[in-house]
Structures are given as C-alpha cells and as structure tokens.
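In case you want the letters, here they are:
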Amino acid sequence: LEERMSGIVRAENQVEIVAEISALITRVLVQNGDYVEAGSPLVYLRDKQYRDQVAQSEAALQIAEADAQRTQASLTEARNQLDRVEQLAGRQLESEQRLDAARASFAGAEAAHAQAVARIAQAEANLEEQREQLRRTVVRAPIAGYVGQRNAEVGMRVMAGEALFTMGNFDKVRIEMSITDRMINRIVPGQTALITVEGSDQGPIEAQVSRISPFINAESY
C-alpha cells in the first residue's frame, strides 16, 4: 500500500526565543538566516532601570554588612561584660540583679546580631535577583542553530513572553503529517517513508516512521 501526504518540516530543537522581561529593544544583532552558537547574544534590551536596581541592592547589602559589624561589636562587648559580672558574682562581689541584667543585655545583643545577619542574607538574595533581571536584558541563543521569523526591531517595546525569533538546528529535521483514521492501524514505527521536496530536482530521501501520536487531531479527526 502507498499513500501520498503533505507534511511540515521542523528543525531539530526548533524553539521560540522569547523576552523574559518587558523593555525597549536597543540593539538587534542577527538577521533571518544567520547561524549562531549557543549563548550568543541576539538582542539587547534597555537596561538602565535594571542597572539602577542592582546598584541600589549593592548599597543595601553594604548597609546590612555594616550593621552586622556594629551588632557583632555590641555582642562581643555584652559577652565580655557578662563574663566579668559572672566572675564577680561567683566571688559574691556582684548582685544577682546585676547578673540578670547582664544576661538580658547579652541576649538582646545576640538577637540583634542574628537579625542583622538575616538582613545580610535577605540583601544578598535580593541582589542576586536584581542581577538576574539585568542578565535578562540580553536575550541569548539557547542552542546552536539558524535564526528565523525575526520579530525584533530597535525601538520596539517587547513584553515578557513575547516571541522574538524562531531557532532551529537543521543538521537533523523531522517531518510531521496527519494521517487518516483508516491508516492509523496500518502504519507502525520503523516503516519506510520516501520524502520529496516539491520543486526540487533532488531524488526522494528515504527515512523511517519514528513515532505516531496517540491523540487524534480535534479538527480533522
């Protein structure tokens, strides 16, 4: 049995390249048909806002670190004071009330330092988040391959999730086609398929059926 069908050729790893943030495009480095390596920059987005946010986060981290140094000094002083009072109280030279006050002072200094250390961790996390946002102002190729379906121009404002390009590696391609319900029980993976390109002088390319979807097309059945 033979059956002639039309199909859609897709590149290996054919993916849409989308913007992860909303911003104006300031530079576009590639054109349709260009080959790029994985990690190559494709588009630069306006980054002033994100650079300012990184600078603010770096300043906040420095303030948090300075505050932690201050609380550390206070904690050390409270620890030394408590040690002295405990020694004097042990020789009956200091009252229990004074000893309790020294212990309370040390506990307060310890809690204040713990909060300062926590603020450092929070500031570091915020700084890393802002740096990640800044990194997203450069849209890079996730794979090596060819660029097509360009939808990026300088001055254009893109929204997060908006497609800028389609990329794919054409070293290996696959062809998708719809088959009828009467054919679905006659075709199995491994069968031979001959592929011809309309308008091309190249002879048929022999390939094999690799997989069949278990789901029926909701429109054509």
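From a predicted model like this one, the values you see are computed outputs, not experimental measurements.

Calculation rules
- Residues numbered from 1 in each chain as written.
- Predicted model: local features only at pLDDT ≥ 70, side-chain atom pairs only at ≥ 80, totals over all residues.
- Heavy atoms only, no water.
- Patch = residues over 30% accessible without salt bridge, like charges linked within 9 Å, V, L, I, M, F, W, Y side chains within 5 Å.
- Areas by Shrake-Rupley, 256 points an atom, 1.4 Å probe, with all protein chains shown as cover.
- Salt bridge = Lys/Arg side-chain N within 4 Å of Asp/Glu carboxyl O.
- Helix = DSSP H or I, 4+ residues; strand = E, 2+ residues; numbered from the N terminus.
- Buried < 20%, exposed > 50% of the residue type's maximum accessible area, 1.4 Å probe, protein only.

Caption draft 1: Main features of a nonpolar patch on the surface. Side chains of Val9, Tyr35, Tyr146, Phe170, Val173, Ile175 and Met177 sit close together on the surface and give an oily, nonpolar patch of about 630 Å² of accessible area. Of the residues forming the nonpolar patch, the biggest block, three residues, is contributed by strand S8 (residues 163-176). If you trace the backbone, Tyr146 turns up in strand S6 (residues 145-148). When its relative accessible area of 39% is taken as the criterion, Tyr146 is described as partly exposed.

Caption draft 2: Up close: the pattern of salt bridges. As enumerated under the stated definition, the model contains 14 salt bridges in all. For the salt bridge of Glu176 with Arg10, the shortest nitrogen-to-oxygen distance reads 3.3 Å. With a gap of 166 residues between them, Glu176 in strand S8 and Arg10 in strand S1 (residues 8-18) connect regions that are remote in the sequence. With a closest N to O distance of 3.0 Å, Lys48 and Asp52 form a salt bridge. Of this pair, Lys48 and Asp52 both sit in helix H1 (residues 48-90), separated by four residues, roughly a single helical turn. A residue is classified by how much of its surface remains accessible, and Lys48, at 55% relative accessible area, is exposed. Note on Asp52: relative accessible area 34%, which makes it partly exposed. Salt bridges sharing partners connect three or more residues here, namely Glu20, Glu128, Glu132, Arg135 and Arg136.

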